[in-house]
Each structure stands twice: as C-alpha cells, then as structure tokens.
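Residue strings, one per chain:
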Amino acid sequence: QDKGVRSLSLAGHVGFDSLPDQLVNKSICQGFCFNILCIGETGIGKSTLMDTLFNTNFENFESSHFEPQVKLRAQTYDLQESNVRLRLTVVNTVGFGDQMNKQESYQPVVDYIDRQFESYLQEELKIKRSLHNYHDSRVHACLYFISPSGHSLKSLDLVTMKKLDSKVNIIPVIAKADTISKSELHKFKIKIMSELVSNGVQIYQFPLDDETVAKVNTTMNGHLPFAVVGSTEEVSVGNKMVKARQYPWGVVQVENENHCDFVKLREMLICVNMEDLREQTHTRHYELYRRCKLEEMGFKDTDPECKPVSLQQTYEAKRQEFLVELQKREDEMRQMFVQRVKEKEAELKEAERELQSRFEQLKRLHAEEKAALEEKKRLLDEDQSSFGKRKAAAQLLQAQSLTANGKKDKDRKK
Ligand SMILES: Nc1nc2c(ncn2[C@@H]2O[C@H](COP(=O)(O)OP(=O)(O)OP(=O)(O)O)[C@@H](O)[C@H]2O)c(=O)[nH]1
Ligand SMILES: [Mg+2]
C-alpha cells in the first residue's frame, strides 16, 4: 500500500461498483475489431477453415500455384452476434510457398505486419489523433497452417515463424488433419513442438494469469498445435445435421473432439482469448515495434547518465545536431567550390601558356621563312643583273663584229 494512502470503509452504497458495467456498455457501444492473418501454402484449407470458424461464407478467391510473388489479400467484414458488433479482417497469403526463394515467401508477410504497425504509430504521433475511431488493422492472431505431412516442419515454416514471432501472436495449426492417422498425428504434434523449441520459435501461449481461464488454457497449451478439419458441408449424423467431411469409408465431424481439434481452436481463439490476443498485440508486439522505431529515430527516455530526457530535449538536441551537420556540409561545399575554381583557373592559365608558346613558335617559323625568301629574292636579283650585263656585253660584241665584216666586204668589192 502507498504511504500516505488510507483505506476507508463506506457507510452506505455509493455506486462506483457499476464501473465494470460502464466499461462493458461503452465497449459494446464502440464495437470490437479483430484481425486474423492466415499463412499457409496454396490450397491448404485457409478459406474453408475461416468459413467454418465464423459460420459464414467469406468471399473466397482460389489462387494458382504460379504467382510470381506472395501477396496478402485483406478483406474486412462487419459481423454481429446478439448485440455485439465485430469488425473482422481476414488476411490471406496468396501464393505462399510457391516461390523458389524462401525469403520471397516470408518477406511480404513481414512487410505487411510492419505496415499495419507503422500506420498505427503514425496515427499516434499525429497532433490531432483519432485513435477512438481509427480502423486498427494490426494483426491480432496469425494462424500458421502446417501441411499434414506427418514428417516434420518445412524449413520455410521454421524460417517464417522465426521471422514473425516477435511481431505477431502465432497459433500453429495442422491443416487437413483428416488426412493423417491418429497415431501419426500424435507423433507429428510432438515433433513439431520440439522443432519449434529447438529453433527458438516463440508461439502464442494461452495466458494463465486470469484464474477463471487458467485451467482450460493450461490444458489447451498442451494440445498445440491444433489439428484442424474444415468444412461447410452439412451431413446428417444420427438425427442431427453436423458440419463434416464425408468419405466412402466414413464421416469426419468437424466439431467432434474425437475427430479433430477444431472446437478447441474455436474456443481458444474466439471464446476465451480473443481479448488477450488483442491486448498482447498492443502491449507486446506493437510496443516492441514502436520502441525500435522511436529509438531508430533517435528518441531516448534517458541520457547516458541515466537522467530522464524529455521529448522536447531530444528534439532540441537533434535540431542542434542537424544544424551543426548542415553548417559542416555548407563549409565543405564552399571549400570544394573554391578548390574547383582554383583548379579551373590553373587549367585555363596552362592553356593560355600553351597557346602563347604555339604563337611564338609560329611567329619564329614565319620570320625564318620570310628571311629565306628574301635571301632567295636577292640572289635572283643578282642573277638577273649579271645576266643583263652579260647580255649588253654580248650585244656590243655582236655589233662590233658586224661593222668589222661590213668593212671587209666593201674592201673585197672594191
Ligand atoms: N481433406 C481436407 N480437405 C480440405 C480441408 N479444408 C479444405 N479442404 C479442401 O482443400 C481445398 C482447398 O481449400 P481452400 O479452403 O480453398 O484452401 P485455401 O488455402 O483457401 O486455398 P487458396 O486460397 O487458393 O490458397 C478445397 O477442395 C477444400 O475442400 C480439410 O480440413 N480436409
Ligand atoms: Mg483461399
């Protein structure tokens, strides 16, 4: 008992003993929401079991074995039983186990579950939140359908359940349990449980903290995984019509506990532990997701010296950190810019120098060529003038010889 708090007895009726009833009325008024995820290979009996469990006909789409990747199909229904309204979402895997690669099978399932947590978290973080009329799509129960091989779990089963056990309440069921003999089934159940334990897979345990159901839950924990049979077909047994599967050699009654564990599953999933499944989803699985997500974003409850840190402080610290980082980046960019300008300048200078030297070289070449040409011209001029002189001398000589010959002729005639 708290210090400073005293217990008093009441002298007469006050009325707060109606609080539980107020709670019940409010809940009934609000209605309930429950989301089931069925994981299992194509054609293992997921849809049939859901129809059998809820005594209705959900829309069923048969899938092919040739889906390129696993998809999740979610459908939501409003159901009512007496005055209680239930918004039920059934999510089915489509094409699960038909992929070559195991990761391709389980990853879409993991992503789906995380997406539902994420959208709840986003709603919670809003300034104007409306969680009271928010459609909560977080998965409350995951029925994992094990194929009735009688042998052992497939590695895909183990890997998938291991990936999911911290995110969702896993309830393993052996599907189509009418296809396996009683003694084989017994051994198969033991084998499955020991494989789950040795691989550290945590499946959902029916809770024992509520005294009123502790006994039945303890017994039921010992019957896991439930071996189920689904059928919406009615067969007459004695003078009653019962859900059953009829074979040439006999009838398997769905709701007969000597035939299978269907009734146990319905009791545990719907009648006894639905609220616990909802609660565990919120307080365990969602809480873990939320914590990891907020820590990833840098929020903490305490500083390194274990003193409490408020959201405001964390925000301020983050903001400061961000500003410092921004300043650093800006400086870096400025420096880089200066460096680049310098480099470019040096490049340009180098190019200029190169051009200048090319120009000088060309000028020199040109001058040399010019000088050579001038020399040639001079030589030519010289040649020309000496030729002229020689020509004049020759003409003179010719003229002289002509006059001399003329004289001789005259002399001869004479
Ligand atoms: N023997 C036996 N057959 C079953 C059982 N449940 C369903 N089936 C049959 O298995 C076939 C497939 O059942 P569905 O319920 O459509 O299987 P599903 O897993 O929903 O299939 P997909 O949605 O296509 O992946 C049908 O022919 C059912 O009649 C069962 O408990 N035992
Ligand atoms: Mg189906």
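Above this note sits the structure.
This structure is a prediction, so every number in the text was calculated from the model and none was measured.

Q: Looking at this structure, how should I read the packing of aromatic side chains?
A: We describe a pair of aromatic rings using the distance from one ring centre to the other and the angle between the two ring planes. By the definition in use, this model includes 10 aromatic pairs. Geometrically, the ring pair formed by F58 and Y77 is tilted, given 4.7 Å between the ring centres and 45° between the ring planes. Highlighted residues: F58 in the loop between α2 (46-54) and β2 (71-81) and Y77 in strand β2, separated in sequence by 19 residues. The pair F58 / Y77 is uniform in exposure class, with both members buried. Note on Y120 and Y134: the rings are 5.4 Å apart at their centroids and 75° apart in plane angle, and the pair reads as edge-to-face. Taken together, the residues span a long stretch of sequence, with Y120 in helix α3 (residues 102-125) and Y134 in the loop between α3 and β4 (141-146) at a distance of 14 residues. Residue Y120 shares its accessibility class with Y134, and that shared class is buried. The rings of F117, Y120, Y134, Y286 and Y289 are connected pair by pair, giving a single aromatic cluster. Sitting over the face of the ring of Y120, R138 holds its NZ or CZ atom 3.6 Å from the ring centroid.

Q: What am I meant to see in the site of ligand 1 here?
A: Surveying the vicinity of ligand 1 reveals 17 residues, the closest of which are S47, T48, S63, D178 and G230. Here K176 contributes a side-chain N or O atom positioned 3.1 Å from an oxygen atom of ligand 1. D178 has a polar side-chain atom sitting 2.9 Å from a nitrogen atom of ligand 1. Taking 650 Å² as the accessible area of ligand 1 by itself, protein coverage stands at 79%. Taken together, the elements giving at least two residues each to the shell around ligand 1 come down to α2 and β8 (240-247). Top contributing element to the shell around ligand 1 by residue count: α2, with three residues. Among the residues forming the shell around ligand 1, the class breakdown is four nonpolar, eight polar and five charged.

Criteria and thresholds
Residues numbered from 1 in each chain as written. Chains lettered and ligands numbered in written order. Predicted model: local features only at pLDDT ≥ 70, side-chain atom pairs only at ≥ 80, totals over all residues. Heavy atoms only, no water. Phe/Tyr/Trp six-rings, centres within 6.5 Å; stacked < 30°, edge-to-face > 60°. Helix = DSSP H or I, 4+ residues; strand = E, 2+ residues; numbered from the N terminus. Buried < 20%, exposed > 50% of the residue type's maximum accessible area, 1.4 Å probe, protein only. Lys NZ or Arg CZ within 6 Å of the ring centre and 35° of its normal. Near = heavy atom within 4 Å. Polar contact = N/O pair within 3.5 Å; in protein donor to acceptor, adjacent residues only side chain to side chain. Areas by Shrake-Rupley, 256 points an atom, 1.4 Å probe, with all protein chains shown as cover. Nonpolar A, V, L, I, M, F, W, Y, C, P; charged D, E, K, R; others polar.

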